[in-house]
Amino acid sequence: MTAQLNPRGDVAVLVPAAGAGVRLGPGAPKALRLLGGEPLLVHAVRRVAAAPSVHTIVVAAPAAGVAAVRELLAPVAPVTVVPGGAERQASVAAALAAVPPGPQIVLVHDAARALTPPELFESVAAAVRSGDDAVIPVLPVVDTIKQVGAAEMVLGTVDRAALRAVQTPQGFRRSVLAAAHAAAGDPLTDDAGLVEKQGVPVRCVPGSEYALKITRPFDLALAEHLLTTGR
Ligand code: CTP
Ligand code: MG
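Since we're looking at a predicted model, the values are computed, not measured. Along each chain, residue indices are assigned from 1 in the same order as the chain's sequence is written. A letter from A marks each chain and a number from 1 marks each ligand, given out in the order of writing. At least 70 in pLDDT is required for a residue's local features to be given in this predicted model, at least 80 for side-chain atom pairs to be given and counted, and no such filter applies to totals for whole chains, interfaces and linings, which use all residues. No hydrogens and no water enter the side-chain calculation; it runs on all heavy atoms of the structure.

A. Just the overall build of the protein chain, in detail. Each helix corresponds to a stretch of at least 4 residues labelled H or I by DSSP, and each strand to a stretch of at least 2 residues labelled E; elements are numbered beginning at the N terminus. Of the regular secondary structure elements, the protein chain holds seven helices and twelve strands. Across its three principal directions, the C-alpha atoms of the protein chain cover 55 × 40 × 35 Å. Three labels apply to residues, based on accessible area from a 1.4 Å probe with only protein chains included: buried if under 20% of the type maximum, exposed if over 50%, partly exposed otherwise in between. Out of the 231 residues in the protein chain, the part that is buried amounts to 47%. For the protein chain, contacts bridging at least 24 residues in sequence account for 70% of all contacts bridging at least 6. Note on areas: Shrake-Rupley with a 1.4 Å probe; residue coverage comes only from the protein chains shown. As presented, the protein chain carries roughly 11,100 Å² of accessible surface, and 58% of it is formed by carbon and sulfur atoms. In what follows, a contact means two residues having at least one pair of non-hydrogen atoms within 4.5 Å.

Structure follows, in structure tokens:
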């Protein structure tokens, strides 16, 4: 059944989905690879659309696949599909430009985090709503982290207690994200990095193990397993 979005919602979600998926190995663009028989992007958009505050969803699709992605998502939820760019940052900028007037909170969410629970969109949006201009979901780092130099020689051990692994959705007051993208220089791999450069404070909130980014074949196998457990 096609999901309904909330016409009174205050949240637009941008879904960059234009990457190739090089680390996943040869095949279709990653967002279109299958997980439990459905493309990653379908899983991701279905969970975005299930979050009650969501008013608008904009997907940045591989440039050659815009029409196909529109067709693919039509039965899932009402979405706007735009061509993505060569870098993730350009894909996000293209999606941001397509957000209609209205929503004042913008979340940016990787299609590759296909199993992210709807509750995480709500908790990130709620933190922005309550006054933070930029909010990122994070997990503690579990491994010991070493800094290494030439020839893989260890230079030192980084204090793990002060480190966080960052996920999406990342949430922003709309004006703050728009200003950060307008001022953006070299491409970064996340949007919080852009607003940090603007001097905007970024708040961390608890992330979710289920928001893992499907990057390598192992992640896809793990996601397949999680899906069979009801995720
Ligand atoms: N993305 C995008 N446009 C790009 C590059 C990435 O919209 N030019 C999106 C991807 O589709 C993905 C998200 O950004 O949903 C996070 O990127 P990543 O996990 O690195 O995906 P890929 O770039 O596709 O993978 P890889 O780096 O292995 O090629
Ligand atoms: Mg990439």
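B. Summary view of the nonpolar core. Val13, Leu41, Val45, Val54, Ile57, Val59 and Leu73 are the most contacted members of the largest nonpolar core, which has 32 residues in total. Among the secondary structure elements, those contributing two or more residues to this core are strand S1 (11-16), helix H1 (40-49), strand S4 (54-61), helix H2 (66-73), strand S6 (105-108) and helix H4 (118-129). Every residue in contact with Leu41, bar those within four places of it in the chain, is listed here: Val15, Ala17, Ala31, Val59, Val69, Leu73 and Ala111. Within the second largest apolar cluster, 22 residues are counted, among which are Ala60, Val92, Val108 and Leu194. Here, nonpolar core refers to any group of buried Ala, Val, Leu, Ile, Met, Phe, Trp, Tyr and Cys residues whose side-chain atoms link them within 4.5 Å.

C. Broad picture of the packing of aromatic side chains. Paired rings are identified among Phe, Tyr and Trp, the last through its six-membered ring, by centres lying within 6.5 Å, and are further divided according to the angle between planes into stacked (under 30 degrees), edge-to-face (over 60) and tilted (the rest). For the structure shown, the criterion picks out zero aromatic pairs. Only lysine NZ and arginine CZ atoms are considered, and such an atom sits over a ring when it is within 6 Å of the ring centre and within 35 degrees of the ring normal. The ring centre of Tyr210 lies 3.6 Å from the NZ or CZ of Arg231, which sits over that ring.

D. Region of interest: the environment of Pro103. Within the element layout of this structure, Pro103 appears in the loop between helix H3 (88-97) and S6. A relative accessible area of 0% means that Pro103 is categorised as buried. In this structure the C-alpha to C-alpha distance between Pro103 and Pro7, which are 96 residues apart in sequence, comes to 9.8 Å. If sequence neighbours within four positions are ignored, Pro103 has contacts with Asp10, Val11, Ala12, His55, Thr56 and Arg174.

E. A look at the site of ligand 1. In these notes, residues near a molecule or strand are those with any non-hydrogen atom within 4 Å of it. Around ligand 1 sit 18 residues, and of these Ala18, Val22, Arg23, Lys30 and Ser91 come closest. One of the backbone nitrogen or oxygen atoms of Val22 is found 2.7 Å away from an oxygen atom of ligand 1. As used in this structure description, the phrase polar contact means that two N or O atoms lie within 3.5 Å; if the pair is within protein, one of them must be able to donate a hydrogen and the other to accept it, and residues adjacent in sequence are counted only when both atoms belong to side chains. Between ligand 1 and Glu87 there is a distance of 3.4 Å, counted from a nitrogen atom to a backbone nitrogen or oxygen. Across the complex, the protein chains shield 87% of the 560 Å² of accessible surface that ligand 1 would expose by itself.

F. Molecular detail of the side chain of Arg47. One can find Arg47 in helix H1. None of His or the chain ends enter the tally, which takes Lys and Arg as positive and Asp and Glu as negative. The working definition used for a salt bridge is a side-chain nitrogen of Lys or Arg within 4 Å of a carboxyl oxygen of Asp or Glu. Salt bridges are absent for the buried Arg47, whose nearest opposite-charge side chain, Glu38, sits at 6.7 Å. Other than its neighbours up to four places away in sequence, Arg47 contacts Ala114, Leu115, Thr116, Pro118, Phe121, Leu227 and Arg231.

G. Seen up close, the packing of H1 against H2. Axis definition: a line fitted to C-alpha atoms, limited for helices to the stretch in contact. Angles are taken between N-to-C directions and run from 0 to 180 degrees. At a minimum axis separation of 10 Å, H1 and H2 run at an interaxial angle of 50 degrees. Comparing the axis directions of H1 and H2 gives the class oblique. As H1 packs across H2, the resulting crossing turns out to be right-handed. Residues Leu41, Val42 and Val45 of H1 form the contact with H2, whose own contacting residues are Val69, Leu72 and Leu73. Residue type decides the class: Asp, Glu, Lys and Arg count as charged, Ala, Val, Leu, Ile, Met, Phe, Trp, Tyr, Cys and Pro as nonpolar, and the leftover types, Gly among them, as polar. Broken down by class, the residue content of the contact of H1 with H2 amounts to six nonpolar, no polar and no charged. Any angle that is under 35 degrees is reported as roughly parallel, and any over 145 degrees as roughly antiparallel; angles of 65 to 115 degrees are reported as roughly perpendicular and all others as oblique. Here a crossing is taken to be left-handed if its near helix is turned anticlockwise relative to the far helix by less than a right angle, and right-handed if that turn runs clockwise.

H. Looking closely at unusual backbone geometry. Here the amide bond leading from Thr168 into Pro169 is cis, since omega sits at 10 degrees, within 30 degrees of zero. Looking at the secondary structure, you find Pro169 in the loop between strand S10 (164-166) and strand S11 (170-173). Notably, Ala151 is not glycine yet its phi reads approximately 55 degrees, a positive angle. With respect to the secondary-structure elements, Ala151 resides in the loop between strand S8 (145-148) and strand S9 (154-158). A residue is classified by how much of its surface remains accessible, and Ala151, at 70% relative accessible area, is exposed. Unusually for a residue other than glycine, Glu152 sits at a positive phi of about 60 degrees. Residue position: Glu152 is located in the loop between S8 and S9. Judged by its relative accessible area of 64%, Glu152 falls in the exposed class.

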